[in-house]
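Here is how the chains run, residue by residue.
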2 protein chains.
Amino acid sequence: MPEAPPPAPTGDELLKVLSALGNPHRMRIVAALMESRNYVSALARLIGMGRPLLHMHLQRLEAAGLVAGTLEVAEDGKTVKYYDVTPFFYELTPRVVAQAAATITDTTETDRTAGRSAKEEAK
Amino acid sequence: MPEAPPPAPTGDELLKVLSALGNPHRMRIVAALMESRNYVSALARLIGMGRPLLHMHLQRLEAAGLVAGTLEVAEDGKTVKYYDVTPFFYELTPRVVAQAAATITDTTETDRTAGRSAKEEAK
DNA sequence: GCCACCTGTCAAAGATTCCTGACACATATC
DNA sequence: GATATGTGTCAGGAATCTTTGACAGGTGGC
């Protein structure tokens, strides 16, 4: 059977992926996780960076679907969060970009019909 | 003849490309230029954005090698700068990213032994 | 000269992102 | 209980990016 046709990522998706990967730290994180899955604290020590910071970067990567974290319980009962790299694949060409650009959800329009939590309306 | 082998972009290059494309405006600019080459002012009107801003975005894209601008002289003598999309192609996978991550020039650590162009050493 | 169009740059404001140092909460070991 | 390891979050400042308005040219046509 033939190969799957070139998947056309949505603008927002591609945007998240590109901005997530367009950062040196995040690139290194992916690289480190490629060698072997790891949990947050250990990874932080490995690439010398604060936990809060790493945590934030990992969230950005996970939100883009590039890595996946799972909260596991080690044999000794400690809860540990392991991260793995997702086998992603994106083709970056003018056509793909142009196509994606057409489906971008302009986030600037603060809301409109989008009902917020109905809480900060206090202002 | 066979296809060219998977090109391995350097970390800095990939970084510039990804961060350049990881912006809604810049994506739309590429999309607009895909339909037809155009000059700055016209493009600005086309996608409703200020010239100074467009100018800056175009520079970022050009610095990443995604578009190319040429200053041309129209028949009536007016100087106009046309921009074209460069036929780029990048493959985004964990392996590529990991490989690129290994060749990132950390711009924060002022230098070290890394031999630079031997020019800004002046300081 | 004056107007219309093009090019480019600058400074200052606005918005985001990035980063750090607490803090709170779990479990296992000493 | 005290210590060490793991988890996560928050507030605030630092650093960057984004955006705008004003300015300084250039050419051609009325």
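This text gives an overview of the structure that appears in the document. Since the structure is predicted, the reported quantities are computational estimates derived from the model, not experimental observations.

Conventions adopted
Residues numbered from 1 in each chain as written. Chains lettered and ligands numbered in written order. Predicted model: local features only at pLDDT ≥ 70, side-chain atom pairs only at ≥ 80, totals over all residues. Heavy atoms only, no water. Helix = DSSP H or I, 4+ residues; strand = E, 2+ residues; numbered from the N terminus. Buried < 20%, exposed > 50% of the residue type's maximum accessible area, 1.4 Å probe, protein only. Contact = heavy atoms within 4.5 Å. Pairing = 2+ DSSP bridges. Axes fitted to C-alpha atoms, helices over the stretch in contact; angles between N-to-C directions. Parallel < 35°, antiparallel > 145°, perpendicular 65-115°, else oblique. Nonpolar A, V, L, I, M, F, W, Y, C, P; charged D, E, K, R; others polar. Near = heavy atom within 4 Å. Polar contact = N/O pair within 3.5 Å; in protein donor to acceptor, adjacent residues only side chain to side chain. Buried area = accessible area lost by both parts, 1.4 Å probe. Salt bridge = Lys/Arg side-chain N within 4 Å of Asp/Glu carboxyl O.

With that out of the way, let us pick up the environment of histidine 25 of chain B. Residue and element names in this part refer to chain B. In this fold, histidine 25 is placed in helix α2 (residues 24-35). The partly exposed category is assigned to histidine 25, whose relative accessible area is 33%. Measuring from C-alpha to C-alpha, the distance between histidine 25 and methionine 49 comes to 9.3 Å, with 24 residues separating the pair along the chain. With sequence-adjacent residues up to four places away left out, histidine 25 is seen in contact with Met49 and His57.

As a further point, take the sheet that holds strand β3 (residues 79-85) of chain A. Residues and elements named next belong to chain A. Spatial strand order, β1-β3-β2: three strands in an open sheet with antiparallel pairing. At either end of the open sheet lies a strand with only one pairing partner, and these are β1 (38-39) and β2 (67-73). The pairing of β2 with β3 spans seven bridges and is classified as antiparallel. Looking at β3, one finds that leucine 71 is bridged to lysine 81. Packed onto the sheet, helix α4 (residues 51-63) meets β2 and β3 and runs at close to 120° relative to β2.

Our focus in this paragraph is the packing of α2 of chain B against helix α4 (residues 51-63) of chain B. Residue and element names in this part refer to chain B. Close contact between α2 and α4 brings their axes to 10 Å; oriented N to C, the two are set at 80°. Here α2 is positioned roughly perpendicular relative to α4, judged by the angle of their axes. Across the interface between the two elements, His25, Arg26, Ile29, Val30 and Leu33 from α2 touch Leu54, His57, Leu58, Arg60 and Leu61 from α4. Split into classes, the residues belonging to the contact of α2 with α4 amount to six nonpolar, two polar and two charged.

Adjacent strands of a sheet form backbone hydrogen bonds with each other and so pair up, either parallel or antiparallel. Residue and element names in this part refer to chain B. With respect to topology, three strands assemble into an open sheet ordered β1-β3-β2, the strand pairing being antiparallel. Sheet topology places β1 (38-39) and β2 (67-73) at the edges, where each strand pairs with a single neighbour. The sheet contacts of α4 involve β2 and β3 (79-85), and relative to β2 the element is tilted by about 120°.

We now examine the protein's contact with DNA strand C. Taken together, 20 residues surround DNA strand C, and among them Asp76 of chain A together with Ser41, Arg45, His55 and Lys81 of chain B come closest. Separating a phosphate oxygen of DNA strand C from a side-chain N or O atom of tyrosine 39 of chain B is a distance of 3.0 Å. Secondary-structure elements contributing two or more residues to the surface near DNA strand C are α2 (24-35) and α4 of chain A together with α3 (40-46), α4 and β3 of chain B. Among the elements that take part in the surface near DNA strand C, α4 of chain A stands out by supplying five residues, more than any other. Considering only residue class, the surface near DNA strand C consists of seven nonpolar, seven polar and six charged.

Attention shifts here to the protein's contact with DNA strand D. With respect to spatial proximity, 19 residues lie near DNA strand D, and among them Tyr39, Ser41, Arg45 and Lys81 of chain A together with Asp76 of chain B are the closest. Near the protein, meaning within 4 Å, the atoms of DNA strand D are sugar or phosphate in a fraction of 77%, with bases accounting for the rest. For DNA strand D, a phosphate oxygen lies 2.2 Å from a polar atom in the side chain of serine 41 of chain A. Within the side chain of asparagine 23 of chain B, an N or O atom sits 2.9 Å from a phosphate oxygen of DNA strand D. Within the residue set of the surface near DNA strand D, elements represented by two or more residues are α3 (40-46), α4 and β3 of chain A together with α2 and α4 of chain B. No other element matches α4 of chain B, which puts five residues into the surface near DNA strand D.

In this section: the interface of chain A and chain B. Each partner contributes residues to the interface: chain A has 32 residues there, and chain B has 32 residues. Between chain A and chain B lies a buried interface of about 2,500 Å² when both sides are counted; carbon and sulfur atoms form 82% of it. Ranking the residues of chain A by area buried against chain B places Met27, Leu92 and Pro94 of chain A at the top, with a combined share of 26%. Where chain A touches chain B, the interface holds zero salt bridges. Applying the counting rule to chain A against chain B returns two residue pairs in polar contact (both at pLDDT 80 or more). At the level of elements, α1 (11-21), α2, β4 (90-92) and α5 (94-101) of chain A are the ones that each hand at least two residues to the side of chain A that touches chain B. Tallied by class, the residues present in the side of chain A that touches chain B amount to 22 nonpolar, six polar and four charged.

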